[in-house]
Number of protein chains: 2
Amino acid sequence: MLTRASPLADLRIDGARLWASLMELAQIGATPKGGVRRIALTDLDAQGRDLFARWAGEAGMTVRVDPLGNMFARRAGADDALPPVGIGSHLDSQPSGGKFDGTYGVLSGLEVVRTLNDRGIRTRAPIEVCVWTNEEGSRFTPVMMGSGWWCGEFTTEAMYARADVDGVTVGEALRAIGYAGDAAPRMFGAYFEPHIEQGPVLEDADTLIGVVRGALGQRWFDVVLTGQDSHAGPTPMRLRRDAMAACAKITLEINRIANQYPDNARGTVGFVQVKPNSRNVVPGEVRMSIDLRSAEAATLDAMVADFRASAAAAAAEARCEIAIEQVVDFPPCHFAPECVEAVREAAASLGFGAMDIISGAGHDAVYVNRRAPAAMIFVPCKGGLSHNELESADPAHLAAGCDVLARAVLARAGMA
Amino acid sequence: MLTRASPLADLRIDGARLWASLMELAQIGATPKGGVRRIALTDLDAQGRDLFARWAGEAGMTVRVDPLGNMFARRAGADDALPPVGIGSHLDSQPSGGKFDGTYGVLSGLEVVRTLNDRGIRTRAPIEVCVWTNEEGSRFTPVMMGSGWWCGEFTTEAMYARADVDGVTVGEALRAIGYAGDAAPRMFGAYFEPHIEQGPVLEDADTLIGVVRGALGQRWFDVVLTGQDSHAGPTPMRLRRDAMAACAKITLEINRIANQYPDNARGTVGFVQVKPNSRNVVPGEVRMSIDLRSAEAATLDAMVADFRASAAAAAAEARCEIAIEQVVDFPPCHFAPECVEAVREAAASLGFGAMDIISGAGHDAVYVNRRAPAAMIFVPCKGGLSHNELESADPAHLAAGCDVLARAVLARAGMA
């Protein structure tokens, strides 16, 4: 374990080099508004992968590619038989994405290796910088395809058959860009994923480093409320079957539930479609989405039960029918304590302000953690904005997160 | 006043003839689903007007047309200098309208005249059967254009300049179909408008005749709620600015207000548009409509004040901005007591079940009532359905309403 008294107490990555690499990669698929459009398994994705592979080679690493196109750039360890310490994230972007979502994790890994090279530091365990295929899920569903496949959640056959809107399959797209490899999956001794927070918590708390303890479980539902269209004028309140009234009550119940339950509970009604959606017609149908999240499975179960009962009561009160379909069930993730602790201690050894945080969104690390000890490092992003061309992060914050990463990696990989 | 002892106690209109005329008129613009598409000032509207004018002529009436295309078919009275008793409604339809909305009022007037002719009954005051131009407002706004112009709410110049989506103006369309007349407006001694209820109240109460005492005032608003888009996962509840949460609270407040206030209070959120409307994004903007109605102006004012305060509080609670724009202000209408009483007594004299009712929607009679004593007669329509090709009414109910009309008209016109 590194401490302030360690001979590596002055170890710092090169923040300017990290920033320059981020900016160079961001040219591939750059948008006029300063964002990035580099959709999974397109030619631009291939260009990004090729650039990373070139940089990895220049840093002395060897790159393997697995059948899903996941890339593993390996720096040998003194004991090369040890399971490697992984560092990674993704290079694909949202259709109107930013410069940091995903790329920060990959290029932080590269920067750590470059720094270790500069210092002539040899680790006991090898280090592998990973690029996971199709994290965003914008072109091909499901999201986090590469890491999900890696951990055994999806089969090769099923993923190869997934098609985009033009009918092009993942298998075809991987072969077209030359990234259908044959490397067999290997286990990590530890895995770290630095990422911009994509939320407002660190900025709101004026804190530099988020020690990510886990990720919220997610349960998503489609709700259809069916009442009866009727004229807003001639129809007395007591004779209405107002689907919008039911939708409104359910929306408030979702907010009540999210505020009432513990463990970072969240609830969102993000999608609402009203029919006929005319100002003087009582709505006869509303379709709405429900998104419930919590860090603990038991809490999430209780929230879902509360939602189902509340929604049924709200629909009955408005004399509407209700149909509820669950469309996503993603269990909560608890990262490996030894990896979380390594991040916490690294931040402390650097004197950085840090706080425990739970990721609200999914990340490749969540799937990796199902098979190998993993954790994440969050740094602030401006206004919590992400999945947006205006996504922005402070170079000093990015460098600090990478410094934390370097120390956490050394703590888990050991020094020769 | 007619009583059961009156020599006209057995006066009945010809329900089969009324129905046949309704069905014949419904052929003009008939839709495959059994409805009518006869939009104002189109060739089909002209065909409907021409048919009415022919029938009026065959019944011995003379037709005048005013500058807005309103038609007045006159049956002379014994004292022809007396102000006429008007009976009317409209012949234009919604784009996907029914066979009875409007036409029932016009053809009931025609049927009353035919019945009086058959019986050789001469009234003291003349009778004028009226066709009001563009009641629906589907092609040209505002709605109830002809009767609004007649009562002085709108100028000829302003109405002639109103254009449809193709840029055709009311003035051009009136001249094109040959219905830009020059008759000067005349006052009515009384005015009656029979209409299908377009609501569920009579059917729900199993009552044949609605004695319409007035019409609800209407205040319509456009509301824009502005918060901040944010990811549903990473954004804690306390840091959200959720425009949908504000919309939901306002919707429930509108329902509370409508249920809490007296005088047939109604409140409707019929239109809701959520942005970005993605299931895992907290909505940053919602546009919604508010429709508040009540039979009394003071009540409506109080409801609006309650709405404004509640909406501001709901927006503040969700940390959203709110902008409220009033887009319609239509005061409550109280029909003339002597006309309402004539309807009530006519129903009683016929032994028909009747109940007082307030129209939830606007009608030409509401504008007429600003200048002349007016009232309406409602009959049930199936399921309260209107503005729909499936609009349906029972021939016996339509005949009963016309019987009530005949007696109310005789009561106000007097017999020679």
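Refer to the structure printed above.
Notes on the structure in this doc start here. Given the structure is predicted, the values throughout are model-derived calculations rather than measurements.

1. Let's talk about the overall build of chain A
Point 1. Of regular secondary structure, chain A possesses twelve helices and 16 strands.
Point 2. Computed over the C-alpha atoms, the radius of gyration of chain A is 24 Å, within 12% of the 22 Å expected from 2.2 N^0.38 for a compact globule of 416 residues.
Point 3. Dimensions along the principal axes, computed over C-alpha positions, put chain A at roughly 80 × 50 × 40 Å.
Point 4. When burial is assessed residue by residue, chain A has 61% of its 416 residues classed as buried.
Point 5. When the accessible area of chain A is evaluated, it comes to approximately 14,700 Å², of which 50% is carbon and sulfur surface.
Point 6. Between the mean site of the 40 positive side-chain charges and the mean site of the 51 negative ones, chain A shows a separation of 1 Å.

2. Section: empty space enclosed by the protein
Residue and element names in this part refer to chain B.
Point 1. Scanning the entire structure with this criterion turns up two cavities of 30 Å³ or more.
Point 2. Of the voids in this model, the second largest cavity is the one considered here, and its volume is about 40 Å³.
Point 3. The wall of the second largest cavity is formed by A26, V36, R38, L91, D92, S93, G98, K99, D101 and T103.

3. As for the relation of the copies chain A and chain B
Point 1. Least-squares fitting of chain A to chain B yields an RMSD of 0.1 Å, with the superposition described by an axial translation of 0.0 Å and a rotation of 179°. On this basis, the relationship between the two copies can be described by a two-fold rotation axis. Across chain A, the rotation axis passes nearest the C-alpha of A248 of chain A, at a separation of 2.1 Å.
Point 2. Counting the interface residues of chain A, we find that 100% of their copies in chain B are interface residues as well, pointing to one common contact surface.

4. Quick notes on the packing of aromatic side chains
Residue and element names in this part refer to chain B.
Point 1. By the definition in use, this model includes 22 aromatic pairs over all chains.
Point 2. Centroid distance W132 to W150: 5.8 Å. Interplanar angle 70°. Geometry classified as edge-to-face. Separated by 18 residues along the polypeptide, W132 in strand β4 (residues 127-132) and W150 in helix α4 (residues 145-150) bring together distant segments of the chain.
Point 3. Take W132: its relative accessible area is 1%, and that puts it in the buried class.

5. So, helix α8 (residues 243-260) of chain A
Residue and element names in this part refer to chain A.
Point 1. Relative to the 26 Å expected for 18 residues at 1.5 Å per residue, α8 spans 25 Å between its end C-alpha atoms, a close match to the ideal helical length.
Point 2. The buried count for α8 comes to 13 of 18 residues, which makes it a mostly enclosed element.
Point 3. The backbone nitrogen of M244 lies 2.9 Å from a side-chain oxygen of the residue at the head of α8, namely D242.

Reading the values: rules and limits
Residues numbered from 1 in each chain as written. Chains lettered and ligands numbered in written order. Predicted model: local features only at pLDDT ≥ 70, side-chain atom pairs only at ≥ 80, totals over all residues. Heavy atoms only, no water. Helix = DSSP H or I, 4+ residues; strand = E, 2+ residues; numbered from the N terminus. Rg over C-alpha atoms; globule rule 2.2 N^0.38 Å. Buried < 20%, exposed > 50% of the residue type's maximum accessible area, 1.4 Å probe, protein only. Areas by Shrake-Rupley, 256 points an atom, 1.4 Å probe, with all protein chains shown as cover. Lys, Arg positive; Asp, Glu negative; His and termini not counted. Charge placed at Lys NZ, Arg CZ, Asp CG, Glu CD. 1 Å grid on protein atoms, 1.4 Å probe; cavity = no way out; pocket = protein on both sides within 12 Å on 5 of 7 lines; lining within 4 Å. Points joined across faces, edges and corners; volume = space filled by probe spheres on them. Least-squares fit on C-alpha atoms with pLDDT ≥ 70 in both. Contact = heavy atoms within 4.5 Å. Phe/Tyr/Trp six-rings, centres within 6.5 Å; stacked < 30°, edge-to-face > 60°. Expected span 1.5 Å × (residues − 1). Polar contact = N/O pair within 3.5 Å; in protein donor to acceptor, adjacent residues only side chain to side chain.

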